[in-house]
Amino acid sequence: MVEAEIKYDPFEGIEEMRAAVAAERPPVAPTEEPAEDAPEAPVAAPVVVGTPLEVALAALAAKRYEVETGGIIVNGLPVATDDRAKTLLLGARLEVLGNPTLTLRWKTADGFVALSATQIVAISSAVRAHVQACFNREADLSALISAAADPASVDISTGWPS
């Protein structure tokens, strides 16, 4: 049997890939820094094109995401529920499951707080319940929208968890 050494270079061809990507990009004009007192430009909502049903379901998904990632209050503590915060909280929960005496310093909108393992588990459970409640509400409204003669007539602004 002949043995061959196989060498793998994960960066092989990277320069060619970078050049190909750069060639596909349009040139970017330099931008000026806005004045410190300039008002922020409003962010326009994405325009959804499609059937009335598709538009209504897209608006519903956007509303669910807005509520899901808007944060919650757990025992008086403001807790972020954006995707990054949920990932960090999951990591903290996994850490304290292996070390139940651990206390972590957690950054909130109000500053740093010390959280015990019990508090981290309770907060992560509350966040998970909030996220699930948002998806449950979306599912309920999705069924109503899909069954409606006029999908846009379904009120998607109420009944969300807070």
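Residues numbered from 1 in each chain as written. Predicted model: local features only at pLDDT ≥ 70, side-chain atom pairs only at ≥ 80, totals over all residues. Heavy atoms only, no water.

Okay, the environment of Arg64 next. Mapped onto the fold, Arg64 is located in helix H2 (residues 52-68). The residues touching Arg64, leaving out its near neighbours within four places in the chain, are Cys134, Phe135, Glu138 and Trp160. Within polar-contact distance, the side chain of Arg64 engages the side chain of Glu138 at 2.7 Å. (Helix = DSSP H or I, 4+ residues; strand = E, 2+ residues; numbered from the N terminus. Contact = heavy atoms within 4.5 Å. Polar contact = N/O pair within 3.5 Å; in protein donor to acceptor, adjacent residues only side chain to side chain.)

Let's shift gears to the pattern of salt bridges. All chains considered together, the criterion is met by five salt bridges. Between Glu68 and Lys86 there is a salt bridge whose closest N-O contact spans 2.3 Å. Linking Glu68 in helix H2 with Lys86 in helix H3 (residues 83-98), this pair joins segments that are 18 residues apart in sequence. Overall, the relative accessible area of 5% leaves Glu68 in the buried class. We classify Lys86 as buried; its relative accessible area is 19%. Among the charged side chains, a salt-bridge network with shared partners connects Arg64, Glu68, Asp83, Lys86 and Glu138. (Salt bridge = Lys/Arg side-chain N within 4 Å of Asp/Glu carboxyl O. Buried < 20%, exposed > 50% of the residue type's maximum accessible area, 1.4 Å probe, protein only.)

Per-residue confidence for the protein chain averages 85 on the pLDDT scale, and 70% of its residues sit at or above 70. Model confidence for the protein chain, summarised as mean pLDDT per element, is weakest for helix H1 (residues 14-24) at 61 and strongest for helix H4 (residues 117-147) at 98. (pLDDT = per-residue confidence, 0-100.)

Take Ser124: it is sitting in helix H4. In terms of polar contacts, Ser124 uses its side chain to reach the side chain of Arg93, at 2.8 Å. When sequence neighbours within four positions are dropped, the list of residues in contact with Ser124 reads Leu89 and Arg93.

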